Amino acid sequence: MPELPEVETIRRDLQKVILGKKIIRVCVHNPMVIREPSPAVFKNNLKGLVIKKILRRGKLLILELSNGSSLTIHLKMTGQLVYPGGSKNSRVAFHLSGGEILDFNDQRLFGELRLVDDWRKIKFVQGLGPEPFDLTYDDFKDMLSKKKTKIKPLLLEQSFISGIGNLYAAEILFRAKINPWRSASNLTDKEKKALYKEIKEVLNSAITHGGSSIDDYVRLSGKKGNYVKFHRVYGRQDKPCFVCKSLIKRITQGGRGTYFCPKCQR
DNA sequence: AATGGGACCTGCGCGC
DNA sequence: TGCGCGCAGGTCCCAT
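What counts and how
- The numbering scheme is per chain: residues are counted from 1 as the chain's sequence reads.
- Chain letters and ligand numbers both follow the written order, the letters beginning at A and the numbers at 1.
- Per-residue local features of the predicted model are confined to residues with pLDDT of at least 70, and side-chain atom pairs are confined, for both listing and counting, to 80 or more; whole-chain, interface and lining totals are unaffected and use all residues.
- As a convention, hydrogens and water are excluded, and side-chain values are obtained from all of the structure's heavy atoms.
- By definition, any uninterrupted DSSP run of H or I lasting at least four residues is a helix, any uninterrupted run of E lasting at least two residues is a strand, and each is numbered from the N terminus.
- Expected span of a helix, by definition, is 1.5 Å for each gap between consecutive residues, and there is one gap fewer than residues.
- Exposure classes here rest on a 1.4 Å probe applied to the protein chains alone. A residue is buried below 20% of its type maximum, exposed above 50%, and partly exposed in between.
- In this description, contact between two residues means that some pair of their heavy atoms is separated by no more than 4.5 Å.
- Each residue is tested against the molecule or strand, and it is near if at least one of its non-hydrogen atoms lies within 4 Å.
- For this analysis, a polar contact is any N or O atom pair within 3.5 Å, provided that within protein one partner can donate a hydrogen and the other can accept it, and provided that sequence-adjacent residues contribute only side-chain to side-chain pairs.
- Side-chain classes are defined by residue name, with Ala, Val, Leu, Ile, Met, Phe, Trp, Tyr, Cys and Pro counting as nonpolar, Asp, Glu, Lys and Arg as charged, and the others, Gly among them, as polar.
- Pairs of strands are assigned from DSSP output, requiring at least two bridges between the strands.
- To obtain an axis, a line is fitted to C-alpha atoms, over the contacting stretch when the element is a helix, and the angle between two such axes runs from 0 to 180 degrees between their N-to-C directions.
- Where a domain begins and ends is set by an automatic assignment or by a domain database.
- Summed over both partners, the accessible surface that disappears when two parts come together, traced with a 1.4 Å probe, is what is meant by buried area.
- Only one rule defines a salt bridge in this text: a Lys or Arg side-chain nitrogen within 4 Å of an Asp or Glu carboxyl oxygen.
- An angle below 35 degrees is read as roughly parallel, one above 145 as roughly antiparallel, one from 65 to 115 as roughly perpendicular, and any other as oblique.
- Crossings are sorted by hand: turned counterclockwise from the far helix by less than a right angle, the near helix makes the crossing left-handed, and turned clockwise it makes it right-handed.

1. Description of helix α1 (residues 4–17)
Alright, step 1. Here α1 is 14 residues long and its end C-alpha atoms lie 20 Å apart, about the 20 Å a rise of 1.5 Å per residue gives.
Alright, step 2. With 10 of 14 residues buried, α1 lies mostly within the body of the structure.
Alright, step 3. Turning to α1, its buried residues number three or more, namely Leu4, Pro5, Glu6, Val7, Glu8, Thr9, Ile10, Arg11, Asp13 and Leu14.
Alright, step 4. Lining the buried residues of α1 we find β3 (51–57), β4 (60–65), β6 (79–82), β8 (101–106), α6 (166–175) and α7 (189–208).

Okay, here's the thing in structure tokens:
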């Protein structure tokens, strides 16, 4: 489940190997993942364009191209980018100059590829909240005080803050010692400060270690990310807390699994 | 505004 | 062995 750290890891990986390469040909093996324009136009218009810049906004990957348009990629749950690729199971294969292939794989077909004139105008992008690393503490504090929502679902809201998903929300709240049921506006200043600090630290550390390879996520090379060994709560239901030995709980909030330590997180 | 549910998909692990 | 079911969670959409 690629979240900000996984997408940023892929962005950095891509930057090292495909920047400046030309898209020679696009093979669409499953048109479902191409959301705009039509698959035929998508294929045709990408041909001959050079990859000029590789950006990330929230969990969205953006490849800016030589004619000013952009290829945007949302991996959703099971999307992967692999290079050098060439897998028979890929959904879309981008043949690049130099002879190698960039594969877009996606088991569950939730992923979204778009070719757009201006990525900033995509509805999804317009709805995104601030990037965690651009956010000042004062702004964050204000944002929290205006929300009565439970803090865990709030962290998942991309319009509130962009890039955090189910896994990192759990890890961040554990490290900030905040119970997932707490209301955002009721957090103490100390808790808000801890939360602000842990959002940056957890995401940063996860990027440093190449993201968390659970389920389908792999880096561009196909290798796994190493952050799973730093997980404190995610996926650790009924296992002892690393801090206090209480058993980690799994509850459901807004239809999503939430892992936490009932003793450390009050 | 907050909250809950279903939809999109598919493979996996479970119980029978 | 094999079948059906629930589950995983990013995002959108609808209902309350």
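Next comes the rest of the account.
2. Topic: unusual backbone geometry
Alright, step 1. Residue proline 37 is bonded to the preceding glutamate 36 through a cis peptide linkage, with omega at -10 degrees.
Alright, step 2. Tracing the backbone through its elements, the reader meets proline 37 in the loop between β2 (34–36) and α2 (39–46).
Alright, step 3. Between tyrosine 83 and the following residue, proline 84, the backbone shows a cis peptide bond with an omega angle of -5 degrees.
Alright, step 4. For proline 84, the location among the structural elements is in the loop between β6 and β7 (92–96).

3. Brief notes about the protein's contact with DNA strand B
Alright, step 1. The immediate surroundings of DNA strand B are formed by Met32, Gln107, Arg108, Leu109, Phe110, Lys147, Lys148, Thr149 and Lys150.
Alright, step 2. Taking the atoms of DNA strand B that fall within 4 Å of the protein, sugar and phosphate contribute 67% of them.
Alright, step 3. In the environment of DNA strand B, a sugar or linking oxygen lies 3.3 Å from a nitrogen or oxygen atom belonging to the side chain of glutamine 107.
Alright, step 4. Between DNA strand B and lysine 150 there is a distance of 3.3 Å, counted from a phosphate oxygen to a side-chain nitrogen or oxygen.
Alright, step 5. Counted by class, the surface near DNA strand B contains three nonpolar, two polar and four charged residues.

4. Brief notes about the sheet that holds strand β1 (residues 23–28)
Alright, step 1. The four strands lie next to each other as β1-β7-β8-β6, forming an open sheet whose pairing is antiparallel. Both edges of this open sheet fall to β1 and β6, since each of them pairs with a single strand only. Direction aside, the axes of adjacent strands within the sheet are offset by 15 degrees on average.
Alright, step 2. As judged from the four bridges shared by β6 and β8, these two strands associate in the antiparallel manner. In the sheet register, glutamine 80 faces β8, and the bridge partner there is asparagine 105.
Alright, step 3. Of the strands in this sheet, β1 and β7 are in contact with α2, which crosses β1 at around 165 degrees.

5. Details of the domain arrangement of chain A
Size of an interface, as often reported, equals the accessible area lost when the parts are brought together.
Alright, step 1. By the assigned domains, chain A splits into domain 1 (4–126) and domain 2 (132–260).
Alright, step 2. The straight-line distance from the C-alpha centre of domain 1 to that of domain 2 is 28 Å.
Alright, step 3. Contacts between the two partners involve 20 residues from domain 1 and, on the opposite side, 20 residues from domain 2.
Alright, step 4. Taken together, the two surfaces of domain 1 and domain 2 that pack against each other cover about 1,700 Å², and 62% of this comes from carbon and sulfur.
Alright, step 5. Joining domain 1 to domain 2, the criterion identifies one salt bridge.
Alright, step 6. In this structure, arginine 219 engages aspartate 13 in a salt bridge whose closest nitrogen and oxygen atoms are separated by 2.8 Å.
Alright, step 7. Taken together, domain 1 and domain 2 are joined by nine residue pairs in polar contact (both at pLDDT 80 or more).
Alright, step 8. Sorting the residues of the side of domain 1 that touches domain 2 by element identifies α1 and β6 as the ones contributing at least two each.
Alright, step 9. Per element, the largest residue contribution to the side of domain 1 that touches domain 2 is 10 residues, and it comes from α1.
Alright, step 10. Considered class by class, the residues forming the side of domain 1 that touches domain 2 number nine nonpolar, five polar and six charged.

6. With respect to the packing of helix α4 (residues 137–145) against α7
Alright, step 1. Here α4 crosses α7 at 120 degrees, and the two axes come no closer than 10 Å. Overall, the two elements α4 and α7 adopt an arrangement that is oblique. By crossing handedness, the relation of α4 to α7 is classed as right-handed. On α7, the residues that touch Tyr137, Phe140, Lys141, Leu144 and Ser145 of α4 are Asp189, Lys192, Lys193, Leu195, Tyr196 and Ile199.

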